Amino acid sequence: MTGIDWAGLMQVGLHGLGMQPQDFWRLTPVELRIKLGAAASTAPLSRARLEDLARAFPDVKKGTEHG
């Protein structure tokens, strides 16, 4: 697991977004992601989508000839 780049996040929050330090530290991780534009990213994988993918790409047992 990688560490959090607090210096980078603070740089973006305080300088890029023009936030005051107390406002930056009051944000939840979700709120910070939204402020940084993460809301426009792809939604998490849903159970229905996972099932669609499992049907489209079923697990196949390989024989010894495939390693």
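Use the structure listed above.
Keep in mind that this is a model prediction, so the values were computed, not measured. (Residues numbered from 1 in each chain as written. Predicted model: local features only at pLDDT ≥ 70, side-chain atom pairs only at ≥ 80, totals over all residues. Heavy atoms only, no water.)

Describing the packing of aromatic side chains
(1) Moving on: What the rule picks out here adds up to two aromatic pairs.
(2) Moving on: Consider the rings of Trp6 and Trp25, whose centres lie 5.6 Å apart with planes at 35°: the pair is tilted. Of the two residues, Trp6 sits in helix α1 (residues 6-16) while Trp25 sits in helix α2 (residues 21-26), which places them 19 residues apart along the sequence.
(3) Moving on: Given a relative accessible area of 42%, Trp6 falls into the partly exposed group. (Phe/Tyr/Trp six-rings, centres within 6.5 Å; stacked < 30°, edge-to-face > 60°. Helix = DSSP H or I, 4+ residues; strand = E, 2+ residues; numbered from the N terminus. Buried < 20%, exposed > 50% of the residue type's maximum accessible area, 1.4 Å probe, protein only.)

Topic: the pattern of salt bridges
(1) Moving on: In this structure the tally under the stated criterion is three salt bridges.
(2) Moving on: The partner of Asp23 in a salt bridge is Arg26, and the shortest N-O contact between them spans 3.1 Å. Of this pair, Asp23 and Arg26 both sit in helix α2, three residues apart, which is roughly one turn of that helix.
(3) Moving on: The exposed category is assigned to Arg26, whose relative accessible area is 61%. (Salt bridge = Lys/Arg side-chain N within 4 Å of Asp/Glu carboxyl O.)

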